[in-house]
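Chain residues, written in single-letter form:
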Amino acid sequence: MDIFDDLLKFTVIDIIDVVLVAALLYYVYKLVKGTVAINIFIGIVIVYLIYLVTETLQMKMLSRILGGFMSVGIIALIVVFQQEIRKFLLMVGSTNFSKRGKFFRQFKFLQTETENETDVDIIISACNKMSASKTGALIVIEHNNNLDFLTTTGDAMNITVTQPIIESIFFKNSPLHDGAIIIANNIVKATRVILPVNNDKNLPSRFGLRHRAAVGITEKTDALAIAVSEETGQIAYFKDGEFVMFDDTDELIELIKKDLT
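Residues numbered from 1 in each chain as written. Predicted model: local features only at pLDDT ≥ 70, side-chain atom pairs only at ≥ 80, totals over all residues. Heavy atoms only, no water.

Chemist: Whenever I open this one, the packing of helix α8 (residues 120-132) against helix α12 (residues 249-259) confuses me. Can you help?
Modeler: Any two packed helices are characterised by the angle at which their axes cross and by the distance between the axes. Viewed as axis vectors pointing N to C, α8 and α12 meet at an angle of 140 degrees, and their least axial separation amounts to 10 Å. The orientation of α8 with respect to α12, classified from their angle, is oblique. Where α8 crosses over α12, the two elements pack in a sense that is right-handed. Note on element contacts: α12 touches α8 through Thr249, Leu252, Ile253, Ile256 and Lys257, opposite Val120, Asp121, Ile124 and Asn128. For the contact of α8 with α12, the per-class residue count stands at 5 nonpolar, 2 polar and 2 charged. (Axes fitted to C-alpha atoms, helices over the stretch in contact; angles between N-to-C directions. Helix = DSSP H or I, 4+ residues; strand = E, 2+ residues; numbered from the N terminus. Parallel < 35°, antiparallel > 145°, perpendicular 65-115°, else oblique. Left-handed = near helix turned anticlockwise from the far one by under 90°. Contact = heavy atoms within 4.5 Å. Nonpolar A, V, L, I, M, F, W, Y, C, P; charged D, E, K, R; others polar.)

Chemist: Help me understand helix α11 (residues 209-220) in this model?
Modeler: Given 3.6 residues to a turn, an α-helix orients residues that are three or four positions apart in the same direction. The end-to-end C-alpha distance of α11, which contains 12 residues, comes to 17 Å, matching closely the 16 Å that a straight helix rising 1.5 Å per residue would cover. When you tally the buried positions in α11, you get 9 out of 12 residues, the bulk of the element. Listed as buried for α11 are His211, Arg212, Ala213, Ala214, Val215, Gly216, Ile217, Thr218 and Glu219. (Expected span 1.5 Å × (residues − 1). Buried < 20%, exposed > 50% of the residue type's maximum accessible area, 1.4 Å probe, protein only.)

Chemist: Which parts of the structure should I look at to understand the pattern of salt bridges?
Modeler: Scanning all chains against the criterion turns up 8 salt bridges. For Asp155, the salt bridge is made with Arg192, and the minimal N-O distance between the two is 2.8 Å. One end of the pair, Asp155, is in strand β2 (residues 155-160); the other, Arg192, is in strand β4 (residues 187-193), and 37 residues separate them in sequence. On the basis of relative accessibility, which here comes to 23%, the residue Asp155 falls in the partly exposed class. A relative accessible area of 37% means that Arg192 is categorised as partly exposed. Among the charged side chains, a salt-bridge network with shared partners connects Glu142, Asp148 and Lys189. (Salt bridge = Lys/Arg side-chain N within 4 Å of Asp/Glu carboxyl O.)

Chemist: Honestly, the pairing of β4 in this entry has me stumped. Any pointers?
Modeler: The buried fraction of β4 is high, at 5 of 7 residues. In this structure, β2 lies alongside β4, joined through 4 bridges in antiparallel fashion. From the neighbouring strand, Ile159 faces β4, where its bridge partner is Val188. Two strands pair when backbone bridges link them, and strand β3 (residues 180-184) and β4 are joined in this way by 4 bridges, in the antiparallel orientation. Paired with Ile182 across the two strands is Ala190, which belongs to β4. Hairpin connection, β3 to β4: the antiparallel pair is bridged by 2 residues, and Asn185 has positive phi, about 50 degrees. (Pairing = 2+ DSSP bridges.)

Structural data, given as structure tokens:
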């Protein structure tokens, strides 16, 4: 009967509270999904559940040890999940309300339909041409995080994405070919952009400056990056600070379209 009494006392505020907590947990899961951090996150949850069990069973010695661990858990979380926390705070701080209309558009599961204006086919077609001629390129596709803070490092643009435009930008004798370009909603927002470079010594030696820049921007934001090697002509795709494997360009197109939704 106590349970039914509690249910009767369930107010609209309680419902909103539950929904917001569920939304927060879902987004945290989306941030760490597919990364090494998901295993650490699961480990922390398991330790916390064990702590609750030891507290309930009054296992004083073990509960004190786990309690000490949990008391400094917030510091450990900040250290372990610094990249994910950075991405979350960047998403909140760089939300462009005039462009997106509502903050809750960031939460994909609340959307009934997702609009993706970026023509991925054209971008990859241009990458194929540059790959054949071994023309180096670095293309960053804006997702939810607004990348306006990076446009000041290069030249602001407002050009509709076409294959000839992309190829001409990265043409070896073009004054715009150095650095990266940022694409948002099928518009080239900026060229010659300087990106944060990842200096991790564990990265494969085949990764040059372009690839390290692609890793750097995708681990600090939710942007997607495509790099074309000037030495080998190989096309590389990066997401969440990691190199994404694909069999052919058709699969790459599908991966990017899926990641943009």
